[in-house]
Amino acid sequence: MINYKLINLDKILDKNYDDIIEFFRYCGIRKFDGCDIEALKNFTNNINEKSGFNVSYNIDRLDKEFDLVKIGNKKIINIELKLSRIDVSQCKKNLKLLKKYYKDYSVYVFCYEKESNKLYLYDVDSESLIKDSFDNLNSLLQEIYSPVTLNINYDVESVYINPEFFLKKKYTLSSAQSDIMEKIISLSNEKNIVFINGRAGTGKTVLALELYKYYESLGNEVIFLAPFKANEIISKDLRNEINIKTVKDFITVGNEYDYVIIDESQRLKLSDINKISILTKKKCLFFGDENQTFEYCDSFTNLISDRSNTVFNLNLLIRSEDTFELFARKLLNKKNTKTKYKVIDSTKIKVFMNYEIIPDLNDFIFLEPGKSKYFVSCEDNCSNRLCRRIGNLCSLDKTSYDVIGQDYKKVAISFCDKYYINHQNKLCASPGVCYSDWEGQLYSIITRTINELVIVVSDITVYNYVMRILEKLK
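Everything quoted here is computed from the prediction, not taken from an experiment. (Residues numbered from 1 in each chain as written. Predicted model: local features only at pLDDT ≥ 70, side-chain atom pairs only at ≥ 80, totals over all residues. Heavy atoms only, no water.)

Peer 1: Pulling in residues and values, what's your account of the overall build of the chain?
Peer 2: From N to C terminus, the chain includes 16 helices and 19 strands. Looking at the chain as a whole, 53% of its 474 residues are labelled buried. A fraction of 73% describes how many contacts in the chain between residues 6 or more apart in sequence connect residues 24 or more apart. In the structure as shown, the chain presents an accessible area of about 22300 Å², 46% of it carried by carbon and sulfur atoms. (Helix = DSSP H or I, 4+ residues; strand = E, 2+ residues; numbered from the N terminus. Buried < 20%, exposed > 50% of the residue type's maximum accessible area, 1.4 Å probe, protein only. Contact = heavy atoms within 4.5 Å. Areas by Shrake-Rupley, 256 points an atom, 1.4 Å probe, with all protein chains shown as cover.)

Quick look at the structure:
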C-alpha cells in the first residue's frame, strides 16, 4: 500500500522527467505530467526552503487537486502552477475550500506563471490576483518550520438518513456538480424540462437539494418530489426544511409550481413524467440513474437518449469509491462509462459458498431484490431460502424498495440456486421467483455499499464467475 508523503523539492531539480514521475508515484502522487514538472522545477529555483511540500494533493470525491501546499504552525500556503495563464477562479475556490476545513489557519493562495516567471497572490478584498514577490513568499514559507500533510477528509453521508451535513452546509460541491448546477441555472427563463443522469454515488440528491435551496432563496415556489414513501425514508429534519412530497400526492393535488425537482426519476412512468411537466411553470428537473431502472420499463432511459431533450450527465463519484459501482457494472455486463475509475480495492468484496462458515454479520445490513410492491411473499417459491438464512445473520433485512437514496457501510447479499451463468457467460436469474427487473435492483443494492460487501453463493459456476470479476478489478 503506497501512502501519500511530503516532498523535498530540492531532490528533483537535477532529475529527469521519468525519474521524477516514478518517484512521485511511489510517494502517492498521481496527477503530475510533463508540463507540471517543468513549471515545478522553475518555481523551485525561486524558493529557499524546499522541504515539506504537499505535491498534487487530491480530493477524489471533489475531483479537486492542489498543486503545491505547505501547511503547519497555523499557516497554509498554496501555490498553483501555471504555464502561461493565471487562474483567478481556481485560486478563489482553493481559498474557500482551505478556509472551510482550516478555519483558524492563516491561508495564502499564490499562482505561479512559468512563462513569465512571475508570482501572484490572491487578494480577498478585490477578488483578484495581484503581483507579488518571491521574497514575501520565502518569508512566509520560513514561518512553517513543522510542515505536515494536508488532511481534508471529505465524506458525504446518505443525505436522506443523515441530513446534518447538508442542512448545516458542511459540504462542498464537486467540480462536476458545480458545473452542472451553473449550466442549469444559466438556461433561459422559458419553461425547461431537464434530465440529470448519474450513476450511483455521484451526488445527484445533494445537487437536487442544492438547486432547491437556490431557487427557493430567490423567492420562487419550489417543491421536491420523491417516487417513494418520503416519510418512511427521509429524515424528519430534512422534511422540516424542504417541501418534500410524493409524486402521487403532487399529481393528485395538481398545484402548479415554478420549479419542480424530482429525485429517483428512473422509477417514474412516462405518464407521471408528463403530468409533472405540465404542472411546472419554469424548470422541471428530473434526477435519475438509467442503471437503476426497474419496475416501470425504460421511460427515463428513453428520454435521456432523445437528443432533443436537455440532458446533463454526472460521472464523478462523491459518495462512495468506484469499487462497488465498477463491480456491479461488470457483474451485470452493463456498458462502461467514460469515467476514469480512480479508487479500486477488490479486498472490500468477499465471496463465500453457502456451506462455508460465514463471518459475523451482526453489523451488516442484508439487502435483496424486492418482491415488487405488489407481491406479498416469495418464501413458498424458494427452494433453499438462502436469503432467509443470511438475513437472520444480519442486523437488518431490507429490499431494494426500502433503501432508495441511502447507503450503508457494510452490506451482505446472496445468490441462491435460482441464479446461474448462461451460455453467453452472463449472470442470469430464473423468472418469477422473488424479484422483478432483478438486474436494476441488484445494481442498486450493490452500489449502496460504502466499505464492505459480503456475497454468499449457492452455485459454484456463479461463484467462479464472481471471483473472475474480482480478479479483473485488481
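Peer 1: Quick one: what's the story with the pairing of strand 19 (residues 449–457), residue by residue and with numbers?
Peer 2: Burial runs high along strand 19: 8 of the 9 residues are buried. Alignment of strand 13 (residues 349–353) against strand 19, held across 5 bridges, turns out to be parallel. Bridge pairing in strand 19 links V351 to I455. (Pairing = 2+ DSSP bridges.)

Peer 1: For helix 6 (residues 175–186), give the residues involved together with the corresponding values.
Peer 2: Over its 12 residues, helix 6 extends 16 Å from the first C-alpha to the last, a length consistent with the 16 Å expected when each residue adds 1.5 Å. Buried within helix 6 we find A176, Q177, I180, M181 and I184. Angularly, the buried residues of helix 6 cover 130° about the axis, an arc narrow enough to put them on a single face. More than 90 degrees from the buried face of helix 6, the exposed residues found are E182 and S186. Those residues of helix 6 that are buried are in contact with strand 7 (192–198), helix 7 (204–217), strand 11 (280–288) and strand 12 (310–314). (Expected span 1.5 Å × (residues − 1). Arc of directions from axis to C-beta.)

Peer 1: Just give me the short version of the environment of N291, but keep the residues and values in it.
Peer 2: One can find N291 in the loop between strand 11 and helix 12 (299–305). Given a relative accessible area of 9%, N291 falls into the buried group. Between the alpha carbons of N291 and T301 there is a distance of 8.6 Å; along the sequence they are 10 residues apart. Contacts of N291, omitting those with residues within four sequence positions, involve R199, R329, K334, G440 and Y443.

Peer 1: A description of helix 4 (residues 134–142) should follow, citing residues and the corresponding values.
Peer 2: Of the positions making up helix 4, those classed as buried are F134, L137, N138, L140 and L141. Relative to the axis of helix 4, the buried residues are bounded by an arc of 160° and lie together on one face. When the buried face of helix 4 is taken as reference, the exposed residues oriented beyond 90 degrees from it are D135 and Q142.

Peer 1: Break down the sheet that holds strand 16 (residues 408–415) for me, with residues and values.
Peer 2: In spatial order, the strands read 13-19-16-14-15; together these 5 strands make up an open sheet with parallel pairing. Strands with a single pairing partner mark the edges of an open sheet, and in this sheet they are strand 13 and strand 15 (396–399). Geometrically, the sheet is characterised by an average inter-axis angle of 25° between neighbouring strands, direction not taken into account. Where strand 14 (residues 365–368) lies against strand 15, 4 bridges are found, and the strand directions are parallel. Of the residues in strand 15, the one forming a bridge with L367 is K398. The sheet strands contacting helix 16 (residues 460–473) are strand 13, strand 16 and strand 19, and the helix crosses strand 13 at an angle near 160°. (Axes fitted to C-alpha atoms, helices over the stretch in contact; angles between N-to-C directions.)

Peer 1: Can you break down the sheet that holds strand 6 (residues 128–132) residue by residue, with the values?
Peer 2: Pairing between the strands of a sheet is mediated by backbone hydrogen bonds and can be parallel or antiparallel. If you trace the 6 strands from one edge of the open sheet to the other, you get 1-2-3-4-5-6, paired in mixed fashion. Two strands in the sheet have a free side with no partner beyond their single neighbour: strand 1 (54–59) and strand 6. Strand-to-strand, the axes of this sheet are offset by a mean angle of 40°, without reference to chain direction. Pairing geometry for strand 1 and strand 2 (residues 64–72), over 5 bridges, is antiparallel.

Peer 1: Quick rundown of the nonpolar core? Include the residues and the values.
Peer 2: Ranked by size, the top nonpolar core spans 47 residues in total, and within it F327, L331, F415, L427 and I455 carry the most contacts. No other element matches the 6 residues that helix 16 contributes to this core. If sequence neighbours within four positions are ignored, F415 has contacts with L331, L386, L427, L442, I455, V456, V457, S458, V462 and V466. Membership of the second largest hydrophobic core comes to 37 residues, among which are Y160, F165, F166 and I242. (Core = buried A, V, L, I, M, F, W, Y, C linked by side-chain atoms within 4.5 Å.)

Peer 1: Quick one: what's the story with unusual backbone geometry, residue by residue and with numbers?
Peer 2: Of note, N117 is a non-glycine position whose phi angle comes to about 55°, a positive value. Positionally, N117 belongs in the loop between strand 4 (106–113) and strand 5 (118–123). Its identity as a non-glycine residue notwithstanding, E264 has a phi of 55°, on the positive side. Here E264 shows up in the loop between strand 10 (257–262) and helix 11 (270–278).

Peer 1: Describe the side chain of K41, naming the residues involved and giving the relevant values.
Peer 2: Considering the arrangement of structural elements, one finds K41 in helix 2 (residues 34–44). D14 provides the closest opposite charge to the buried, salt-bridge-free K41, at an N-O distance of 7.2 Å. Not counting the four nearest positions on each side in its chain, K41 is found in contact with I12, L13, K15 and I20. (Lys, Arg positive; Asp, Glu negative; His and termini not counted. Salt bridge = Lys/Arg side-chain N within 4 Å of Asp/Glu carboxyl O.)

Peer 1: Explain the packing of aromatic side chains residue by residue, including any values.
Peer 2: Within this structure, the stated rule accounts for 13 aromatic pairs. Seen in terms of ring centroids, Y102 and Y105 are 5.0 Å apart; in terms of plane orientation they differ by 70°. Their pairing is edge-to-face. Side by side, Y102 and Y105 carry an identical accessibility label, which is buried. Ring geometry for F415 against Y419: centres 4.8 Å apart, planes inclined by 50°, an arrangement best described as tilted. F415 sits in the buried class, given a relative accessible area of 1%. Site record: aromatic cluster; members linked through ring pairs are F43, Y112 and F134. Over the aromatic face of Y26 sits the side chain of R25, whose NZ or CZ is 4.8 Å from the ring centroid. Lying across the ring of F66, K64 places its NZ or CZ 5.1 Å from the centre. (Phe/Tyr/Trp six-rings, centres within 6.5 Å; stacked < 30°, edge-to-face > 60°. Lys NZ or Arg CZ within 6 Å of the ring centre and 35° of its normal.)

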